[in-house]
Every structure is written in C-alpha cells, then in structure tokens.
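Single-letter residue listing:
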Amino acid sequence: MEIANKSLHINALKNSFDEGQKITVSDIIEFYGQFEERVKRSTIDWRLYKLTQEGILHRQSRGVYSLSEKKKKTYTPEITRSLKVLAGKIHNQFPYIETCLWTTKWLNEFMLHQPGRFYTILEVERDATESVFYALNDLGKEVFLNPSQDIISKYVSHSKSPIIIIPLITEAPIHKINKVTTCSLEKMLVDIYCDPELFSTFQGAELKRIYQAAFDRYDINKAKMLRYADRRTKKTEVELLINQQRNGS
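Keep in mind it's a predicted model, so treat the numbers as computed, not measured.

Engineer: Describe the layout of surface pockets, listing the residues and the values that go with them.
Structural biologist: Taken as a whole, the second largest pocket encloses approximately 540 Å³ of empty space. Forming the boundary of the second largest pocket are 23 residues, of which Thr80, Ser82, Leu83, Thr103 and Thr120 lie nearest the centre. Among the elements that make up the lining of the second largest pocket, the one with the highest residue count is helix H5 (residues 81-93) (4 residues). Partitioned by chemical class, the residues of the lining of the second largest pocket number 10 nonpolar, 7 polar and 6 charged.

This is how it looks when you write it as structure tokens:
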C-alpha cells in the first residue's frame, strides 16, 4: 500500500494543479510522465480510480477531474443586540406571524467596495406588513413599507438606521439563529439578484463578486437556492449566474 501511494505522487499532484481547475486524462498522463517514461493507460486508469477513491480527485464529468475542494464553512451571520431587540419587539406584538430579519451589512464580507450605510430588512407575511409597519412607526423607528426606487434614493439612503418592510415569500429558506428568525445565505444571494432596485448597491460587477466570494468561502446548497429562485420566477437566471462564478467566467 505504501508503494502504491508513493506511485501516486499525491503532494506533487496537489502542487501541480489549482483547486477547482479542470484536469483531463491527458493532463494526468503528462503529469505522471515526469516520473516515468512510459506509463500504461491501464496504470493511469488505476491511479485515477485510486485518487478518486482516496478523495484526492473529484470526477466532474467523463474524463474530466478536479482536485477535491476543501471542506467549506457553514455560513452563520452575526446576530447583533439591536437585531435581537427588534426581533423581540416584533414577536411580543405579533407572536403568530412568520418573519425574517436580516441586515445588508452581512454582505460586506463578500464585497470589494464597502457601502457606508446599511438597511435592516424585515420580511413578514403579506397580510401583516401594514400592521407591523404602523407598530414600528409608533415606536419611533425609521421604517419604510415596500419602498419604491424613488423613495429609496430620496429617503431610505439618507436615513441613519432604516428598516425596510417587505412581504415574505412563502417557503423561503429561513432559519433561527440565537432566537432570531433570519435568512439563509442561499436566500440572501437570490434576493439581491431578484430585487435590483432595493439592492442597487449590490448589482453589476459587485453582484458577481459577492456570488464568487460566497461560493468560495461557504458551503452553499445549490438545490435549495434554485428552489427559492424558482419561487421567485428567476431560476434560469440565477442558475446561469451561479455557473458563471463557479466556472470563473
């Protein structure tokens, strides 16, 4: 077994190819040609089998491989005290409605150009949006209900701590962190694409950068993401965007 592992030249293989790079059978033959003059195709096939079994290579398609990616982290956003307090107030007044609370500040870690202002996004069941709006307004909060692009540019963008209330899409991928129901990374990525007016800061090249950084750093459930994109009638567009970033386009 030790001799077999030595013949695989695993360390050299890892140093010769980049993570995620497409590696063809011809590339493998050329790689092993550095160590042996003539390598039988049957030997190459055995080594490919062994490398995939050991988790060194990942088979992408017929005759195409890549170095197996390192295990990525699970995305867990920071739930600040202000978010906890806001979530508590909403729950106390509306204990039976479904909500989703998050902040655009979470997108900062994926961006090159850091925005100076952030929005708190509060998504609630459609029938409860107005009731929640008036309740928070009575508490003196800077709250906006489904703002148009004009309202966003004139008022929201100049507010110190704006809270934007929008309807919560049914079956959205949300979860609870520290007793606050919030959005998953999959949901956040889909939302910033589907609502370009609300999330105008995160469009264009910045949008692509956000997707690339998110997929590079975190374990993202593509199937979950596309199911939600389908709910928002943007499945084809979001899938194209995902594939462009994953292929380095």
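Engineer: Lay out the pairing of strand S3 (residues 64-67) with the relevant residues and their values.
Structural biologist: In S3, alternate side chains face the same way, and those of Val64 and Ser66 on one face and Tyr65 and Leu67 on the other are all buried. Bridge analysis of strand S1 (residues 23-24) against S3 gives 2 bridges, and the strand direction is antiparallel. Following the sheet pairing, Ile23 is matched in S3 by Tyr65. As defined by bridge partners, strand S2 (residues 57-61) adjoins S3 across 4 bridges and the pair is classed as antiparallel. Looking at the pairing, Arg59 lines up with Tyr65 of S3.

Engineer: Any details on the sheet that holds S1? Residues and values, ideally.
Structural biologist: Strand order in the open sheet made by the 3 strands is S1-S3-S2, with antiparallel pairing throughout. The sheet is open, and its two borders are formed by S1 and S2, each paired with just one other strand.

Engineer: Describe the pattern of salt bridges, with residues and values.
Structural biologist: The final tally for this structure, using the stated rule, is 9 salt bridges. Here Glu36 and Arg47 are joined by a salt bridge, their closest N and O atoms 2.9 Å apart. Here Glu36 is found in the loop between helix H3 (25-32) and helix H4 (41-53), whereas its partner Arg47 is found in helix H4, with 11 residues between them in sequence. Note on Arg47: relative accessible area 6%, which makes it buried. A salt bridge links Asp191 to Arg232; the shortest N-O distance between them is 2.9 Å. Linking Asp191 in helix H8 (residues 185-194) with Arg232 in the loop between helix H10 (222-231) and helix H11 (235-246), this pair joins segments that are 41 residues apart in sequence. Taken individually, Asp191 and Arg232 each receive the classification buried, so the pair is uniform in this respect. Overlapping salt bridges bring together Glu123, Lys187, Asp191, Asp195 and Arg232 as one network.

Engineer: An account of the side chain of Asp191 is requested, with residue identities and associated values reported.
Structural biologist: Asp191 gets classed as buried once you look at its relative accessible area, which sits at 3%. A polar side-chain atom of Asp191 sits 2.6 Å from a polar atom in the side chain of Lys187. For Asp191, the side chain forms a polar contact with the side chain of Tyr228, separated by 2.6 Å. Excluding residues that lie within four positions of it along the chain, Asp191 makes contacts with Trp102, Glu123, Phe199, Tyr228 and Arg232.

Reading the values: the criteria
Residues numbered from 1 in each chain as written. Predicted model: local features only at pLDDT ≥ 70, side-chain atom pairs only at ≥ 80, totals over all residues. Heavy atoms only, no water. 1 Å grid on protein atoms, 1.4 Å probe; cavity = no way out; pocket = protein on both sides within 12 Å on 5 of 7 lines; lining within 4 Å. Points joined across faces, edges and corners; volume = space filled by probe spheres on them. Helix = DSSP H or I, 4+ residues; strand = E, 2+ residues; numbered from the N terminus. Nonpolar A, V, L, I, M, F, W, Y, C, P; charged D, E, K, R; others polar. Buried < 20%, exposed > 50% of the residue type's maximum accessible area, 1.4 Å probe, protein only. Pairing = 2+ DSSP bridges. Salt bridge = Lys/Arg side-chain N within 4 Å of Asp/Glu carboxyl O. Polar contact = N/O pair within 3.5 Å; in protein donor to acceptor, adjacent residues only side chain to side chain. Contact = heavy atoms within 4.5 Å.

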